[in-house]
2 protein chains.
Amino acid sequence: MCARSYHHGNLRSALLIRAEETLRERGVQALSLRELARATGVSHGAPRRHFGDRQALLDALAEDGFARLGRDLDDAVREAEPDSIARFHALARAYVLFATRHAALLELMYAGKHREGAEPVYEAAERAFAVALGVISAAQEAGELVPGDPESLAKVALATLHGLAAMANSGILAGEELESVVPDAVERLLWGLRPR
Amino acid sequence: MCARSYHHGNLRSALLIRAEETLRERGVQALSLRELARATGVSHGAPRRHFGDRQALLDALAEDGFARLGRDLDDAVREAEPDSIARFHALARAYVLFATRHAALLELMYAGKHREGAEPVYEAAERAFAVALGVISAAQEAGELVPGDPESLAKVALATLHGLAAMANSGILAGEELESVVPDAVERLLWGLRPR
DNA sequence: CGAGGGATGTTGTCACTGACTACATTCGTT
DNA sequence: AACGAATGTAGTCAGTGACAACATCCCTCG
């Protein structure tokens, strides 16, 4: 931060910030611990103190990503009109916005977690999705949604959004298509979940 | 294949087969051109004749993956009862089966294609999805589905399936959940798309 | 205080990798 | 049979991740 003594102060977050930048600009495969160290003005061995290996760095990025996604979703719901439909649309918009703005990060976030040491990432994901869960539960209590396990309803809804975002990121779905397709998908989901 | 002369005969496909194996067993990051060459009993420079760089190998794997996915989807539809609902369910089952059986490959297939030289992959994807398109068009003609651009309907449907599979692969959705959630999602999709 | 122990950063090293080059062998065509 | 294109080999280079030994700093406890 300042005149740079032997110790950096908060290398860990500095590395994470820098890493997310390269991730966004040049993709995962361009993320190298050594270059990251270089860019942060620190020796090539320093990152190891904070991230045991490359995968640990990726996991930390993913965890952080879920935390930010959770905040985004939360903000969106908070700022939306207080009725279920508006909230769902806001949630969807926020998710897809995050997903397309941080495509490489999202890929990382969803990279297989059947791996030792991935528990924190997994838990971060659960926390992020808790927002959606809350919206669904509230809608159910208000009688605006069919009853049923909110967790599984939330997962289906998020899966749809995630699938759309993933297809857009991969180029299979054009970016402009998203803007019409997402609200459409939300409507259809809601229609299928409305009590009758 | 046999006494091994100077030329291999069909190194390219041998490499692809071997690569897919390691991909399945140890993930993308474990795929190395040199080890691949070693495992195929060929010099470390040989793969370069067939895949200009590592990414070209990954692209070829993805392309091949889409071809096989297309075949799987096609077979599923062909073997299903000739009514739309059964076909949709068969399609969904086949997609999710492929997606979970070849998780790492699927990740590769959907890795960002906004990249030079990714056109073949993109086109392979289109061909694979043509099956779903056909099923939807047929259902529309039979009056069992709302009219509308079949391409965009297909994309939403596939996105939902893909999202569910992706969440399962990442561990966010338990594998057993899929079996109940997928048919459920199909029903809901169909319900929202049925003419009324 | 001030010593010492833990946390953090540095330097050096190793095996491995992808990319590239020059060269060898084989195949297909004429 | 000859020759050019396709395919495989051998050698090399810079970059990388992992690791170990060492340096520096911070903080606590006597």
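See the structure shown above.
Just so it is clear, the model here is predicted, and its values are computed rather than measured.

Colleague: I keep staring at the nonpolar core and nothing clicks. Help me out?
Modeller: The nonpolar side chains of a soluble globular protein tend to be buried with one another. F129(A) and F129(B) are the most contacted members of the largest nonpolar core, which totals 133 residues. Excluding residues within four positions of it along the chain, F129(B) makes contact with M167(A), I172(A), F66(B), L69(B), Y95(B), Y110(B) and L158(B).

Colleague: How should the protein's contact with DNA strand D be read in this particular structure?
Modeller: Residues in contact with DNA strand D amount to 24 residues; listed here are only the nearest, R34(A), R38(A), H44(B), R49(B) and H50(B). Among all atoms of DNA strand D positioned within 4 Å of the protein, those belonging to sugar or phosphate total 54%. L33(A) is positioned with one of its backbone polar atoms (N or O) 2.9 Å from a phosphate oxygen of DNA strand D. Here the surface near DNA strand D takes three residues from helix α2 (residues 33-40) of chain A, the largest share from any one element. A class-by-class count of the residues in the surface near DNA strand D yields seven nonpolar, nine polar and eight charged.

Colleague: What is the right way to read the protein's contact with DNA strand C from this model?
Modeller: Near DNA strand C, the surroundings consist of 24 residues, among which S43(A), H44(A), R49(A), H50(A) and R34(B) are the closest. If you look at DNA strand C and keep only atoms within 4 Å of the protein, 50% of those are sugar or phosphate atoms. Between a base oxygen of DNA strand C and a side-chain N or O atom of R49(A), the distance comes to 2.2 Å. Measuring from a phosphate oxygen of DNA strand C, one finds a side-chain N or O atom of R48(B) at 3.3 Å. Element by element, the count of residues in the surface near DNA strand C is highest for helix α2 (residues 33-40) of chain B, at three residues. Partitioned by chemical class, the residues of the surface near DNA strand C number seven nonpolar, nine polar and eight charged.

Colleague: Sorry if this is basic, but what is going on with the interface of chain B and chain A here?
Modeller: You'll often see interface size given as the accessible area lost when the parts meet. In this complex, chain B contributes 35 residues to the contact, which on the side of chain A involves 35 residues. Both sides together, the interface formed by chain B and chain A hides about 3000 Å², and carbon and sulfur atoms give 68% of it. Counting the surface chain B buries against chain A, the share from its top three residues, K155(B), I172(B) and R188(B), is 20%. Put simply, K155(B) and E177(A) hold a salt bridge, and the shortest N to O gap is 3.5 Å. Across the chain B-chain A interface, the total number found is seven residue pairs in polar contact (both at pLDDT 80 or more). No other element matches the 14 residues that helix α7 (residues 150-170) of chain B contributes to the side of chain B that touches chain A.

Cut-offs and rules
- Residues numbered from 1 in each chain as written.
- Chains lettered and ligands numbered in written order.
- Predicted model: local features only at pLDDT ≥ 70, side-chain atom pairs only at ≥ 80, totals over all residues.
- Heavy atoms only, no water.
- Core = buried A, V, L, I, M, F, W, Y, C linked by side-chain atoms within 4.5 Å.
- Buried < 20%, exposed > 50% of the residue type's maximum accessible area, 1.4 Å probe, protein only.
- Contact = heavy atoms within 4.5 Å.
- Near = heavy atom within 4 Å.
- Polar contact = N/O pair within 3.5 Å; in protein donor to acceptor, adjacent residues only side chain to side chain.
- Helix = DSSP H or I, 4+ residues; strand = E, 2+ residues; numbered from the N terminus.
- Nonpolar A, V, L, I, M, F, W, Y, C, P; charged D, E, K, R; others polar.
- Buried area = accessible area lost by both parts, 1.4 Å probe.
- Salt bridge = Lys/Arg side-chain N within 4 Å of Asp/Glu carboxyl O.

Geometry only, nothing functional implied.
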